[in-house]
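# Descriptive analysis of the structure
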Amino acid sequence: MKKFIQTLLLILCIGVFYYSAWQLYCIWQEYHAGDEIYDSVQEEVALPSSEQQEDSRSPQDETVEDSSVLRIPDSLINLELLQQINSDAIGWIRIPDTNINYPILQAEDNKLYLRRTITGEYNKAGCIFVDCRTENAFQEANTIVYGHNLLNGKMFSNLMKYEDQDWYQEHPYVYIQTSDGVQVYEIYSCYRTWDSSPAYTFNLETGTDSFQDYLDETTNQSLYTTGIIPDSSDRIITLSTCTNESDDERFVVHGRLITR
C-alpha cells in the first residue's frame, strides 16, 4: 500500500510538472506571437530615413534647455499608415534604450485592448492605450496611458527600470508622436501605488489649484528627487503598469511636456 501511494504521488508530481511546463510554453508562444505582430507594425509604419531626419529637426527642439541630453529618436512613424491598420491608433510612444516602442490606442472602454493587439487578435500582450475617459489625449492636463508588465519584458515592463535612480538620470525623457508631431516629456516622478490611488485622477484642468495640488502630491510621492518641479501651467502624462507583486499594486511614471 505504501509503495502504491508513493507511485501515485510520483505520477501526480510528474503530471503537475508537465502541465506547468505546457502552460508556460503556451504563454511564451502567445508572447512571441504578440512580438511578431508589433515588430511587423513597426516595420510597416516606419518612415524612410530622409523623412526621419526632416522630422527630427522640428523647431520644438529649440525650446528644450539642455539639448545635449535630449535625444529625438531617429525613427519616427507614419501615423496615417498606423491609423489604416487600426483607426483607434492615436499615436506612438518610445523611450530610448527600452522595449517601449509601440502604438498608442484609445477605445470607448478600457477593456477592449487589455487582451487584444492593434490588429485585433486575442493576445495577453494587449496594447498600450489611453484611458477611455480622456476626451482630448495629450492636450489635457493629465493623460493616463496603460500597458501590461509582461514576463518577457515587453509592453510597459521596462517602466520598472525607473525604480533605479541611476537609470532615470540616463533616461529622463519620454517621446510621444501624435498628429501634432513629436512631444517630449520630462519625467518628474515615479513610484509604486494602488489602482485606486489619486494618481489616476481625471477632469483636472491646467492653471487650477486642484491641478497644482495633484502635481505637488505626485512629486512628493516619488521614490527619489528628480529636481523637476511641474506647475499648473504644464501638461503631463501618467504611464501606468502592474508590478506583478499583487493584483492591485501599480507602478506609475509621471512626465511633464517640455516641447509643444
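Residues numbered from 1 in each chain as written. Predicted model: local features only at pLDDT ≥ 70, side-chain atom pairs only at ≥ 80, totals over all residues. Heavy atoms only, no water.

What follows is about the side chain of N123. Its place among the elements puts N123 in the loop between β2 (101-105) and β3 (128-130). Residue N123 is classed as buried on the basis of its relative accessible area of 3%. From its side chain, N123 meets the backbone nitrogen of A125 in a polar contact 2.8 Å long. (Helix = DSSP H or I, 4+ residues; strand = E, 2+ residues; numbered from the N terminus. Buried < 20%, exposed > 50% of the residue type's maximum accessible area, 1.4 Å probe, protein only. Polar contact = N/O pair within 3.5 Å; in protein donor to acceptor, adjacent residues only side chain to side chain.)

This part is about the packing of aromatic side chains. This structure, assessed with the given rule, holds six aromatic pairs. With a centroid separation of 6.4 Å and 75 degrees between ring planes, the pair formed by Y162 and W167 is classed as edge-to-face. Each member of the pair Y162 and W167 is classed as buried. Both rings, one in F211 and one in Y214, keep their centres 6.4 Å apart while their planes meet at 20 degrees; by these two values the pair is stacked. Of this pair, F211 and Y214 both sit in helix α5 (residues 209-220), three residues apart, roughly one helical turn. For the pair shown, F211 and Y214 are each scored as buried. Among the aromatic side chains, those forming a connected cluster through ring pairs are F129, Y146 and Y200. A cation sits over an aromatic face here: K161 above W167, 4.9 Å from the ring centre. (Phe/Tyr/Trp six-rings, centres within 6.5 Å; stacked < 30°, edge-to-face > 60°. Lys NZ or Arg CZ within 6 Å of the ring centre and 35° of its normal.)

Turning to the environment of Y38, a few remarks are in order. Within the secondary structure layout, Y38 lies in helix α1 (residues 2-45). Judged by its relative accessible area of 6%, Y38 falls in the buried class. Beyond its immediate chain neighbours, meaning those up to four positions away, Y38 contacts Y102, P103, R116, T117, I118, G126, C127 and M155. Polar contacts involving the side chain of Y38 include one to the main-chain carbonyl oxygen of G126, which spans 2.5 Å. (Contact = heavy atoms within 4.5 Å.)

Now for unusual backbone geometry. Even without being a glycine, D97 presents a positive backbone phi close to 65 degrees. Here D97 lies in the loop between β1 (89-94) and β2. Even without glycine at this site, N203 takes up a positive phi of about 60 degrees. Tracing the backbone shows N203 in the loop between β6 (181-194) and α5. Residue N203 is classed as exposed on the basis of its relative accessible area, which comes to 76%.

Within the fold, I128 resides in strand β3. By relative accessible area, which is 1% here, I128 ends up buried. In this structure, the C-alpha to C-alpha distance between I128 and T117, residues 11 residues apart in sequence, is 9.0 Å. In contact with I128, other than residues within four places in its own chain, are I93, Y102, P103, I104, L105, V145, Y146, G147, M155 and F156.

Attention now goes to the sheet that holds β3. With mixed pairing, the eight strands of this closed barrel are ordered in space as β1-β2-β3-β4-β7-β8-β6-β5. Taking the axes of each pair of neighbouring strands and ignoring which way they run, one obtains an average angle of 30 degrees across the sheet. Across six bridges, the pairing between strand β5 (residues 173-178) and β6 is antiparallel. In the sheet register, Y173 faces β6, and the bridge partner there is E186. The strands touched by α5 within the sheet are β4 (142-146), β6, β7 (236-242) and β8 (249-257), with β6 carrying the most contacts at an inclination of about 65 degrees. (Pairing = 2+ DSSP bridges. Axes fitted to C-alpha atoms, helices over the stretch in contact; angles between N-to-C directions.)

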